[in-house]
Amino acid sequence: MNDQGDHMTDQKPFVDIQHAQKSYGALEVLKDINLQVQKGQIVAIIGPSGSGKSTLLRAINDLDPLTGGEIWLEDKQINKNLPHRQYEKHINLVRQEIGMVFQHFNLFPHLTVRGNVTLAPKMLKGLSDADANKLAEEQLDKVGMLERIDYYPSQLSGGQKQRVAIARALAMNPKVMLFDEATSALDPELVEEVNLVMKKLAEEHMTMIIVTHEMSFAESVCDRVLFMDQGVVVEEGPPEVMFRNPKNDRTKEFLRKHLAGQHR
Amino acid sequence: MQKVFPFFLEAAWITVLLSVLTTILGLILGAVGASARLSRFALIRFLGAAYVSVFRGTPALIQLFILYFGGPQIGIQLDAFQAGVIGLGINAGAYMTETMRGAIIAIDKGQIEAARTVGLSRFQTMRYVVLPQAMRLMIRPLGVNINAMIKATALVAAISVVELTYTAQRFIGSTYKPFEMFLIAGILYMIIIYITGQAVSWLDRKARIS
Ligand SMILES: Nc1ncnc2c1ncn2[C@@H]1O[C@H](COP(=O)(O)OP(=O)(O)O)[C@@H](O)[C@H]1O
Ligand SMILES: [Mg+2]
């Protein structure tokens, strides 16, 4: 999409998902998924509800561990086979490098906006109160939430909460950001403020994997779009092809239904 | 009649002391029990569950009798007051285990996920995210446990701890006034329970504001 994307494609992938497989008992929700994301690339995952989008995203930071396959971030395997204690140590370090934003924000209600953003940097990076505050102010300024730094989450709108959640993730200086339907729980008029923050991250070449139902947003910021259905990647390609001229019938059907729904 | 009042006041003090010590022991055992019930090791979970079923599944009076009368047979020598505190404390701990566990598992899974995704360990997540929220939820139900436990302190009269109920019974013989004696004990219990209830409400309000 951008000139950077092109020459980077021949490099070793930044996030590399190989033969990802996930079953809940007899139910196979991810079937041999392969996904390579280059540094600075932005990938959108679309597809009907229940197709496994969240499961795939949550496998990347091991919230829902895979039952088969490998996930790599740069030269580190994320889902390594290690004894419990070592694995916990390993995964806690890996997770510091992967930011995640949830549909329902999941802000800590007992902490102020400042407390939400500074908790992990203080606990994990040993930042002093002063340094953590400075970091929080920078990140909150970036998402336009600096004036609300001493508010509690319950005093914020959904869009504001989500922007704070993004700042909380950014405060750990992650290499990759994962978004799981970050705007689906928002009132329509609050979607744009969150989209703007995500666009800003895109301009800064943050590597992002975005599960979304917002096709126009996906089209405007993403380098690549994956369409998932029933645990497989049915089709993938650049947004202009995927949205304007998809080849697969299931993709066409999904987009037709979805776009029809959006106009109502 | 007036002659009995000092004895009742002293007995009320014993009841308060019993209640305070039993609450402290109950809270400690409740925290240990809840941790056990939520452990990732099946054996420890089983031990936690067994503790709860045994002590909630049998009368507190039987537990006290086993400890006080049966204890010496297996080498546990306790005076009546000690047996009362330990017996009631273990009993209250079983109820408090369930209260604390309930408050902890009531915290939204999304909170734990959010904490883990920024890299916090299981322990840090518990300490800085789950427990501060669960504490607020457990104040009221723990208050209910404490209320039940204060009333259960009356049982230790049966192992002759000189607390309110025992004192009321003791003066029936000399005064021939069972109605008045038990009424005095009842009123004193009510005062103790009322003050405790107010303290719990105050704590609960304070936790909600902060
Ligand atoms: N914990 C779970 N136990 C059993 N089935 C699950 C669990 N989580 C998700 N699933 C199933 O996995 C499938 C994919 O879910 P999900 O990844 O949430 O889909 P999407 O995000 O695309 O809507 C669904 O059929 C869902 O019911
Ligand atoms: Mg989902």
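1. Some remarks on the overall build of chain B
Then comes step 1: When helices and strands are counted, chain B shows eight helices and zero strands.
Then comes step 2: Walking chain B from its N terminus toward its C terminus, one meets helices and strands in the order α-α-α-α-α-α-α-α.
Then comes step 3: Taken along its principal axes, the extent of the C-alpha atoms in chain B is 70 × 45 × 20 Å.
Then comes step 4: A buried classification covers 42% of the 210 residues belonging to chain B.
Then comes step 5: When contacts within chain B are restricted to residue pairs at least 6 apart in sequence, long-range pairs at least 24 apart make up 76% of them.
Then comes step 6: Carbon together with sulfur atoms contributes 71% to the accessible area of chain B, which is approximately 11,100 Å² in total.
Then comes step 7: Computing the positive centroid from 18 side-chain charges and the negative centroid from 8, chain B places the two 7 Å apart.

2. Quick word on the confidence of the model for chain B
Residue and element names in this part refer to chain B.
Then comes step 1: For chain B, mean pLDDT is 94; residues scoring 70 or higher make up 99% of the total.
Then comes step 2: Of all the helices and strands in chain B, helix H7 (residues 164-175) carries the lowest mean pLDDT, 89, while helix H2 (residues 42-56) carries the highest, 97.
Then comes step 3: The ipTM, which scores confidence in the relative placement of chains, is 0.90 for this predicted complex, and the corresponding pTM is 0.88.

3. Quick look at unusual backbone geometry
Then comes step 1: Although it is not a glycine, Phe105 of chain A sits at a positive phi angle of roughly 65 degrees.
Then comes step 2: The topology assignment puts Phe105 of chain A in the loop between strand S6 (98-101) and helix H4 (113-125).
Then comes step 3: Backbone geometry places Tyr176 of chain B, a non-glycine residue, at a positive phi of 55 degrees.
Then comes step 4: Relative to the helices and strands, Tyr176 of chain B is located in the loop between H7 and helix H8 (178-209).

4. So, empty space enclosed by the protein
All names here are of chain A.
Then comes step 1: Per the counting criterion, the structure on display carries three cavities of 30 Å³ or more.
Then comes step 2: A volume near 60 Å³ is recorded for the largest cavity.
Then comes step 3: Every residue lining the largest cavity is listed: Glu181, Ala182, Thr183, Ser184, Asn195, Met198, Ile210, Val211, Thr212, His213, Glu214 and Phe217.
Then comes step 4: For the lining of the largest cavity, the elements supplying multiple residues, two or more each, are helix H7 (188-203) and strand S8 (207-211).
Then comes step 5: Along the lines of polarity and charge, the residues of the lining of the largest cavity split into five nonpolar, five polar and two charged.

5. Notes on the pattern of salt bridges
All names here are of chain A.
Then comes step 1: Applying the stated criterion across every chain, the model contains 22 salt bridges over all chains.
Then comes step 2: Salt-bridge contacts for Lys122 lead to Asp129; the nearest nitrogen and oxygen are separated by 3.3 Å.
Then comes step 3: Taken together, the salt bridges that share partners define one network made up of Glu74, Lys76, Glu97 and Lys175.

6. Things to note about the interface of chain A and chain B
Then comes step 1: Between chain A and chain B, the residue contacts involve 22 residues of the former and 20 residues of the latter.
Then comes step 2: At the boundary of chain A with chain B, total buried surface from both sides reaches about 1,900 Å², with 59% on carbon and sulfur atoms.
Then comes step 3: The interface formed by chain A and chain B contains two salt bridges.
Then comes step 4: Note that Glu113 of chain B is salt-bridged to Arg58 of chain A, the shortest N-O span being 2.6 Å.
Then comes step 5: At the surface where chain A touches chain B, the tally comes to eight residue pairs in polar contact (both at pLDDT 80 or more).
Then comes step 6: Elements that contribute at least two residues to the side of chain A that touches chain B include exactly helix H3 (84-96), S6 and H4 of chain A.
Then comes step 7: Sort the elements by how many residues they give to the side of chain A that touches chain B and H3 of chain A lands first, with five residues.
Then comes step 8: Residue composition of the side of chain A that touches chain B, grouped by class: twelve nonpolar, six polar and four charged.

7. Looking at H7 of chain B
All names here are of chain B.
Then comes step 1: Given a rise of 1.5 Å per residue, twelve residues ought to cover 16 Å, and the 16 Å separating the end C-alpha atoms of H7 matches this to within 8%.
Then comes step 2: Those residues of H7 that sit buried are Leu164, Thr165, Thr167, Ala168 and Phe171. The arc enclosing the buried residues of H7, seen along the axis, measures out at 155 degrees, which places them on a common side.
Then comes step 3: Close packing links the buried residues of H7 with helix H1 (5-37) and H8.
Then comes step 4: Near the N-terminus of H7, the side chain that reaches the backbone nitrogen of Thr165, with its oxygen 3.2 Å away, is that of Glu163.
Then comes step 5: Once H7 finishes, Tyr176 follows within two positions and takes phi at roughly 55 degrees, a positive value.

8. Notes on helix H6 (residues 122-152) of chain B
Since there are 3.6 residues in each turn of an α-helix, residues three or four apart along the chain are aligned in direction.
Then comes step 1: Helix length check: H6 of chain B, at 31 residues, gives a terminal C-alpha distance of 37 Å against a target of 45 Å (1.5 Å per residue), a shortfall beyond 12%.
Then comes step 2: At Val130 of chain B, H6 of chain B is bent by approximately 45 degrees, the largest bend along its length, and proline Pro132 of chain B sits one to four residues beyond.

9. Here we look at the layout of surface pockets
Then comes step 1: Of the volumes computed, that of the largest pocket is approximately 1,200 Å³.
Then comes step 2: Surrounding the largest pocket, 29 residues form its lining, Leu38, Arg116, Arg122, Phe123 and Met126 of chain B being those nearest its centre.
Then comes step 3: Where the lining of the largest pocket is concerned, the elements lending two or more residues are H3 of chain A together with H1, helix H4 (80-105), helix H5 (109-117) and H6 of chain B.
Then comes step 4: Counting residues per element, the lining of the largest pocket draws most heavily on H6 of chain B, which supplies seven residues.
Then comes step 5: Residues that form the lining of the largest pocket fall into these classes: 15 nonpolar, five polar and nine charged.
Then comes step 6: Put simply, the parts of the chain that give the lining of the second largest pocket at least two residues each are H1, H6 and H8 of chain B.
Then comes step 7: The class makeup of the residues in the lining of the second largest pocket is 19 nonpolar, four polar and no charged.

Rules used throughout
- Residue positions are given per chain, counting from 1 as you read along its sequence in written order.
- Just so you know, chain letters begin at A and ligand numbers begin at 1, following the order they were written in.
- Per-residue local features of the predicted model are confined to residues with pLDDT of at least 70, and side-chain atom pairs are confined, for both listing and counting, to 80 or more; whole-chain, interface and lining totals are unaffected and use all residues.
- Water and hydrogen atoms play no part in the side-chain values, which are based on all heavy atoms of the structure.
- Each helix is a run of DSSP H or I of at least 4 residues and each strand a run of E of at least 2, with the numbering of both proceeding from the N terminus.
- Type-normalised accessible area, obtained with a 1.4 Å probe on protein chains alone, sets the label of each residue: buried when under 20%, exposed when over 50%, and partly exposed for intermediate values.
- Residues count as neighbours in contact if any of their non-hydrogen atoms are within 4.5 Å of one another.
- Calculation of accessible area relied on Shrake-Rupley with a 1.4 Å probe; when residues are assessed, cover is drawn exclusively from the protein chains displayed.
- Under the counting rule used here, the positive set is Lys and Arg, the negative set is Asp and Glu, and His together with the chain ends is not counted.
- Just so you know, the charge point we use is NZ for Lys, CZ for Arg, CG for Asp and CD for Glu.
- Confidence of the prediction at every residue is given by pLDDT, a number between 0 and 100.
- Here the term cavity refers to a set of points on a 1 Å grid, laid over the protein atoms alone, in which a 1.4 Å probe fits but cannot get out; the term pocket refers to an open set having protein on both sides within 12 Å along at least five of seven lines, with lining residues being those that place an atom within 4 Å of a point.
- Grid points are joined across faces, edges and corners, and a volume is the space filled by probe spheres set on the points.
- Put simply, Ala, Val, Leu, Ile, Met, Phe, Trp, Tyr, Cys and Pro go in the nonpolar bin, Asp, Glu, Lys and Arg in the charged bin, and everything else, Gly too, in the polar bin.
- Just to be clear on terms, a salt bridge is a Lys or Arg side-chain nitrogen sitting within 4 Å of an Asp or Glu carboxyl oxygen.
- The quantity reported as buried area is the accessible area (1.4 Å probe) lost by two parts once they are put together, taken as the sum for both.
- Any pair of nitrogen or oxygen atoms within 3.5 Å is treated as a polar contact; in protein, a donor-acceptor pairing is required on top of that, and neighbouring residues in sequence qualify only through side-chain atoms on both sides.
- Expected helix span is taken as 1.5 Å per residue step, with the number of steps being one fewer than the number of residues.
- The arc in question is formed by the directions pointing from the helix axis toward the C-beta atoms.
- The angle between axes fitted to the seven-residue stretch ending at a residue and the seven-residue stretch beginning at it gives the bend at that residue.

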